[in-house]
Amino acid sequence: MGYLTAFLNSSIFKFAFKEYFPELLGETRELRKVFFENVTVKPVTNESWYEKKVSLITDHKKKGLPTSDIEREIDEQLFALYGLTQKDIALINS
């Protein structure tokens, strides 16, 4: 569950969300199965790493501490998993 939570809150998914999910009125997006099927979720072997990072983010949020460094670690891990180039990463982060 940690990996999926991390993925759905990552820069990669935010980019895919804007690209694959049609915009409705008021800058909302249409959430339907047909659009989720366009987003590839790669399997991982280090699920516990993501679980720890998501738990750490939750703890930080409860304490009002910043989480951007942890979120960046997750993004970097996912960028490597998906084999993204620096050009791809720049596009996602823009």
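Sequence positions are assigned chain by chain, starting from 1 and proceeding in written order. Residue-level local features of this predicted model are given only where pLDDT is at least 70; pairs of side-chain atoms are given and counted only at 80 or more, and the full residue set underlies all totals for whole chains, interfaces and linings. By convention in this description, side-chain values take in all heavy atoms of the structure and omit both hydrogens and water.

### Some thoughts on the overall build of the protein
- Along the protein, the regular secondary structure elements total 6 helices and 0 strands.
- Under the scheme used here, helices are H or I runs from DSSP no shorter than 4 residues and strands are E runs no shorter than 2 residues, and both carry numbers assigned from the N terminus. Moving toward the C terminus, one meets the helices and strands of the protein in the order α-α-α-α-α-α.
- Principal-axis analysis of the C-alpha atoms gives the protein an extent of 35 × 30 × 25 Å.
- Counting every position in the protein, which comprises 94 residues, the buried fraction comes to 28%.
- Put simply, 56% of the contacts in the protein that link residues at least 6 apart link residues at least 24 apart.
- Approximately 6700 Å² of the protein is accessible, and the part contributed by carbon and sulfur atoms is 55%.
- The distance from the centre of the 13 positive side-chain charges to the centre of the 14 negative ones in the protein is 2 Å. Throughout this description, buried means an accessible area under 20% of the type-specific maximum (1.4 Å probe, protein chains only), exposed means over 50%, and partly exposed covers the range between. Working rule for contacts: check all heavy atoms of both residues, and any pair within 4.5 Å makes them a contact. In these tables, accessible area is a Shrake-Rupley quantity obtained with a 1.4 Å probe, and a residue counts as shielded only by the protein chains included in the view. Note that His is not counted, nor are the chain ends; the positive residues are Lys and Arg, and the negative ones are Asp and Glu. For the purpose of locating charges, the reference atoms are NZ of Lys, CZ of Arg, CG of Asp and CD of Glu.

### As for the environment of Met-1
- Within the element layout of this structure, Met-1 appears in the segment before α1 (2-8).
- On the accessibility criterion, Met-1 (71% relative accessible area) is exposed.
- Along the chain, Met-1 and Ile-70 lie 69 residues apart, while their C-alpha atoms are 17 Å from each other.

### A few points about the pattern of salt bridges
- We define a salt bridge as a side-chain nitrogen of Lys or Arg found within 4 Å of a carboxyl oxygen belonging to Asp or Glu. Scanning the model with the defined rule gives 2 salt bridges in all.
- With its nearest N and O atoms 2.9 Å apart, the salt bridge here joins Asp-69 to Arg-72. With Asp-69 and Arg-72 both in helix α5 (residues 68-81) and 3 residues apart, the pair spans about one turn of that helix.

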